[in-house]
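# Per-entry structural report
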Amino acid sequence: MAEKTKVAFLGPVASYSHQATKLAFPDEDNSHELIPVRTIREVFDTVQAGRTEYGVVPFENSTHGPVSMTLDALADRQDDLGDVVVCGEVYLGVHHYLLGKGELGDVKRVYSHPQAFGQTTGWLGRNLKGVEMVEVSSTSRAAEMASEDGTGGSAAVAGEMAGRMYGLRVLGERIEDREDNTTRFFVIKRKQGGERGEGGKGKNLVSFSVGSHDEPGALAEVLGCFKQRGLNLTSINSVPGLREGMRPFEYLFFVEFEGKDGEEGDGERVRGVLEDLKEKTRGWRYLGGWERARR
Ligand SMILES: O=C(O)C(=O)Cc1ccccc1
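Just so it is clear, the model here is predicted, and its values are computed rather than measured.

### Examining the overall build of the protein chain
Counting secondary structure elements, the protein chain contains nine helices and 15 strands. Over its C-alpha trace the protein chain gives a radius of gyration of 21 Å, about what one expects of a compact globule, namely 19 Å for 295 residues. Structurally, the protein chain occupies a C-alpha span of about 60 × 55 × 35 Å along its principal axes. The proportion of buried residues among the 295 residues of the protein chain is 42%. Of all intrachain contacts in the protein chain linking residues separated by at least 6 positions in sequence, the fraction that spans at least 24 positions is 77%.

### Re the environment of Glu-221
Position of Glu-221 relative to the elements: it lies in helix H8 (residues 218–228). Looking at Glu-221, the number of C-beta atoms within 10 Å reads 15, which means it is partly exposed. Taking C-alpha positions, Glu-221 is 7.8 Å from Lys-280, a pair spaced 59 residues apart along the chain.

### Focus: the nonpolar core
Nonpolar side chains in soluble globular proteins tend to end up buried together. Of all hydrophobic cores here, the largest spans 49 residues; its most connected members are Val-43, Val-56, Val-57, Val-86 and Ile-188. Discounting residues that sit within four places of it in the chain, Val-43 has contacts with Ala-8, Phe-9, Leu-10, Val-37, Gly-55 and Val-57. Among the nonpolar cores identified, the runner-up in size contains 23 residues, and Val-110, Ala-116, Ala-142 and Ala-155 belong to it.

### Side note on the environment of Asp-177
Inspection of the secondary structure assignment puts Asp-177 in the loop between strand S10 (169–173) and strand S11 (182–190). Residues Asp-177 and Lys-191 lie 14 residues apart in sequence; the distance between their C-alpha atoms is 38 Å. Excluding residues within four positions of it along the chain, Asp-177 makes contact with Thr-63, Gln-119, Thr-120, Thr-121 and Gly-122.

### Overview of unusual backbone geometry
Omega for the bond connecting Gly-11 with Pro-12 falls within 30 degrees of zero, at 0°, which places this linkage in the cis form. By the element assignment, Pro-12 lies in the loop between strand S1 (5–10) and helix H1 (16–24). Residues other than glycine seldom take positive phi values, yet Ala-14 does so here, at roughly 80°. Within the secondary structure, Ala-14 is located in the loop between S1 and H1. Here the phi dihedral of Phe-249 falls at roughly 75°; this positive angle occurs in a residue that is not glycine. Relative to the elements of secondary structure, Phe-249 occurs in the loop between strand S13 (233–240) and strand S14 (251–260). Given 8 C-beta atoms within 10 Å, Phe-249 falls into the exposed group.

### Quick word on the site of the ligand
Close to the ligand lie 14 residues; Ser-15, Ser-17, His-113, Ser-138 and Thr-139 are nearest. Mapped onto the shell around the ligand, the elements with two or more residues apiece are H1, strand S3 (54–61), helix H4 (114–118) and helix H6 (139–148). For the shell around the ligand, the per-class residue count stands at five nonpolar, nine polar and no charged.

### A few points about the pairing of S3
If a strand is regular, its side chains alternate between the two faces of the sheet. Of all eight residues in S3, seven are buried; the element is thus mostly enclosed. Sheet topology note: the S1/S3 ladder contains three bridges and is parallel. In the sheet register, Ala-8 faces S3, and the bridge partner there is Gly-55. Sheet analysis places S3 next to S11, joined by seven bridges and oriented antiparallel. Residue Val-57 lies in a different strand from S11, and its bridge partner there is Phe-186. Here S3 runs beside strand S4 (residues 65–66); their pairing, made up of two bridges, is antiparallel. Counterpart to Glu-60 in the pairing with S4 is Pro-66. Between S3 and S4, which follow one another and run antiparallel, lie three residues.

Calculation notes
- Residues numbered from 1 in each chain as written.
- Predicted model: local features only at pLDDT ≥ 70, side-chain atom pairs only at ≥ 80, totals over all residues.
- Helix = DSSP H or I, 4+ residues; strand = E, 2+ residues; numbered from the N terminus.
- Rg over C-alpha atoms; globule rule 2.2 N^0.38 Å.
- Buried ≥ 20, exposed ≤ 12 C-beta atoms within 10 Å, placed from the backbone.
- Contact = placed C-beta atoms within 7 Å.
- Core = buried A, V, L, I, M, F, W, Y, C linked by C-beta atoms within 7 Å.
- Near = placed C-beta within 6 Å.
- Nonpolar A, V, L, I, M, F, W, Y, C, P; charged D, E, K, R; others polar.
- Pairing = 2+ DSSP bridges.

By themselves, these are just geometric observations and shouldn't be taken as functional.
The structure is reproduced here in structure tokens:
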């Protein structure tokens, strides 16, 4: 039998990342092996080391915004993830549940991923005011921890699937702040060479830092290059740079933009803007190009 394609995701099984991974790698012919790891950083490390061909990580949520652990990994501050690029995206509608072993009134502690807490602030504020909220590595890990507490005092904010997997009762259903709550995940892989500067296949991601903080318009000038070349931006984020040579409060920027190779003039525009980045930034990196997915 042919070797299976391995894909790492934030586990344990039944996390939202697991669901997104199954969407991105549907297993009709049993050709994928999905491998749970403990943290988002570990998904990146696993792909960089070549232990799996692909990884799936949450990037941004429609209610709570960017996923900081993913941006931290993409910032690659220790320069040890230089071969990882984004090669795909997948959207997942996310409905949260409060899951436990006892009754709602028994809950003294709630476990979840910080993103899930951020997407359920309304319901938690109304129903569990003053209760301790404990951040853990994933929602499925939260469900597992709630299931391990024999007293019934622990609950988790997680998906329905995690509740079934760990034998928990539903104490609150569809508790997300917004019904249209959606997370966009990135598929990552090891770069094969050639991606850099070749332009993307629909969307592209770059990171860069700008020079002086004392000159007005350093960032505006870089963003202006995308505008001048008619390239639409689809996301913009920033994190403290903390890279070699960067001072406190100097930021690393992430810009995602549309541009598709092969289409009339587009590949050239993408290549052109990467040339602009070379010239106008203090440092930059091409973090991948991929086919856009529909929401
Ligand atoms: O913890 C999980 O299940 C994840 O995959 C991260 C996450 C958390 C909340 C919404 C979407 C993804």
